[in-house]
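Tertiary structure, described
So you can see what is in the structure, the chains are spelled out below.
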Amino acid sequence: MSAVIELHDVVALYGSHPALAGATLRVNRGEIIVVRGPNGAGKSSLLRLCAGLVAPSRGTAVVLDHDLSVDRDRVGKRVGLLGQRNGLFLDLSAAENVQFWGQLSGASAAEMSEAMQRMGITNSLATRRVGSMSTGQRKRVALACLVTRRAELWLLDEPHSGLDASGRDELDEVLRQAANAGATIVLASHESERAERLGARVVSMSGGQVVS
Amino acid sequence: MNSLGTGGVAWHVAMKDLRIEWRGRVVINQVLPFAALVMVAFAFALDSDAVLQRTAGGLVWLATMFSTFLIVQRSYAADVDDGALESLRAAGIDMQGVFLGKSLAVMVELFLLQCVLVLVGFVLYDVQMSLSGWGMLLVTMVGATLGLGFVGVLYGGLIAGAGYRETLLPLLVLPVVAPVLLAATRATESAIGVSGLTIADGWPWVGILFVFAGIFGLGGLLSFDSVVEG
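Residues numbered from 1 in each chain as written. Chains lettered and ligands numbered in written order. Predicted model: local features only at pLDDT ≥ 70, side-chain atom pairs only at ≥ 80, totals over all residues. Heavy atoms only, no water.

What follows is about the interface of chain A and chain B. Opposite the 26 residues of chain A that make contact, chain B presents 28 residues. At the boundary of chain A with chain B, total buried surface from both sides reaches about 2600 Å², with 57% on carbon and sulfur atoms. Applying the counting rule to chain A against chain B returns four salt bridges. Across the salt bridge formed by E96(A) and R19(B), the nearest N and O atoms sit 3.9 Å from each other. Applying the counting rule to chain A against chain B returns nine residue pairs in polar contact (both at pLDDT 80 or more). Grouping the amino acids of the side of chain A that touches chain B by side-chain chemistry returns ten nonpolar, eight polar and eight charged. (Contact = heavy atoms within 4.5 Å. Buried area = accessible area lost by both parts, 1.4 Å probe. Salt bridge = Lys/Arg side-chain N within 4 Å of Asp/Glu carboxyl O. Polar contact = N/O pair within 3.5 Å; in protein donor to acceptor, adjacent residues only side chain to side chain. Nonpolar A, V, L, I, M, F, W, Y, C, P; charged D, E, K, R; others polar.)

Right, let's get into the packing of aromatic side chains. All names here are of chain B. For the coordinates displayed, the defined rule picks out six aromatic pairs over all chains. Ring centres 5.6 Å apart and planes at 50° place the aromatic pair F122 and W134 in the tilted group. You can see F122 sitting in helix α5 (residues 95-124) and its partner W134 sitting in helix α6 (residues 131-158), a full twelve residues away along the chain. A relative accessible area of 6% means that F122 is categorised as buried. (Phe/Tyr/Trp six-rings, centres within 6.5 Å; stacked < 30°, edge-to-face > 60°. Helix = DSSP H or I, 4+ residues; strand = E, 2+ residues; numbered from the N terminus. Buried < 20%, exposed > 50% of the residue type's maximum accessible area, 1.4 Å probe, protein only.)

Quick look at the sheet that holds strand β4 (residues 58-63) of chain A now. All names here are of chain A. The four strands are arranged β2-β1-β4-β5 in an open sheet whose pairing can be described as antiparallel. The open sheet has two edge strands, β2 (17-28) and β5 (66-67), and neither has a second partner. Two elements, β4 and β5, share two bridges in a ladder whose sense is antiparallel. By the bridge assignment for β5, V63 is matched with H66. Where helix α1 (residues 43-50) meets the sheet, it contacts β1 (3-14), β2 and β4, and its direction lies at approximately 115° from that of β1. (Pairing = 2+ DSSP bridges. Axes fitted to C-alpha atoms, helices over the stretch in contact; angles between N-to-C directions.)

Low-pLDDT stretches of the model should not have their predicted coordinates read in fine detail. The pLDDT averaged across chain A works out to 88; a share of 100% of its residues lies at or above 70. Mean pLDDT in chain A bottoms out at helix α8 (residues 192-198) of chain A, which sits at 79, and peaks at helix α3 (residues 94-104) of chain A, which reaches 95. (pLDDT = per-residue confidence, 0-100.)

Right, let's talk about the sheet that holds strand β3 (residues 32-36) of chain A for a bit. Residue and element names in this part refer to chain A. Read across the sheet, six strands follow the order β6-β7-β8-β3-β9-β10 without closing on themselves; strand pairing throughout is mixed. Each having just a single partner strand, β6 (79-82) and β10 (209-210) make up the two edges of the open sheet. Note that β3 and strand β9 (residues 201-206) share four bridges and pair parallel. Its bridge partner lying in β9, R36 is registered against S204. Strands in contact with α1 are β3, β6, β7 (153-157), β8 (184-188) and β9; relative to β7, the strand with the most contacts, it is inclined by about 150°.

Below, the structure is given as structure tokens:
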């Protein structure tokens, strides 16, 4: 099976602080991976590195066949990163946000509409200003933007936080559908039961390393 | 994925920024009254028709420059509040297009603001001008808008993720845009005909405005991605 992420002994520094201290990981196409670990373990840094936002200082990091030491600018177009912030424009409506991201990615109007429907963004919610939405609703808008971008690799940092029980189940369904459609999904999460529900492989991090 | 080119990205980013401004009406409800108040304050402080008529050009451009900071800060606040600027970078969106789009939106807002400020200033300070003077002033406004827009967006991007960006922006940008303030003021004085200056005296200053805009436009295009990443 082909590898989407292949990290070997990767070190990434924030200033002089090693956010990743020799991380090694292989993720295959179509897999769902849940990355667990305490705060400061390096989960978010791992996602940011895979998105091409952080350069490896040492080791080998290949994502979607791009060597991040030399080629990380080209990874972004094929990766969808949903970090601890949602990357939305709070003064625009949900539909306007999806439209903006969809247009930048060359998505059709039908694809944008389908993405919003999949995330349950319809009628009054679609025209509501994102700044006035709950955390869970914003997350759904952000995921709809991600769907319109047709990313091959989804990197999600605590995507279930702020969602109610039904919202979490809906998100799980979206993630399963995306994986079935060929997307590879890596999500950082504190919730161990979430991995079981998703049928995901669990990876643990500590001190900037993948420990199991 | 069928991503857009630089022009397409610029267009969508500009439309997005203008839509956000139209929704919030910050320029109309806050920046414009602020700039008008600055000009009224100048009128009270100088308190002499002769002095005001002689300095009208400089006062209009000072008010414009202060307003530029507010417009640029507003433009970036919408992008950094929820991490959208970083998401644009992470998504591999053409950052040259983002630079051009943000610059275009800032320039549109700035130009419309200038139109109002010039009219307010000339009425308030009782300035008379010939038709050819108005022509020169229009070209001056275009050149100054380009320069202020490019510099504002470039430096705004540099400090977008920084703390205290509200105070950092004027500190960084004021020295850089000093040539714009000087050239626009001299060109405007020539357009008005202050102290015996003629229209012909103003064109070299207008030229400086466009050279300045060209340098920072090109510089911004080449460096914006690295500047925002920093």
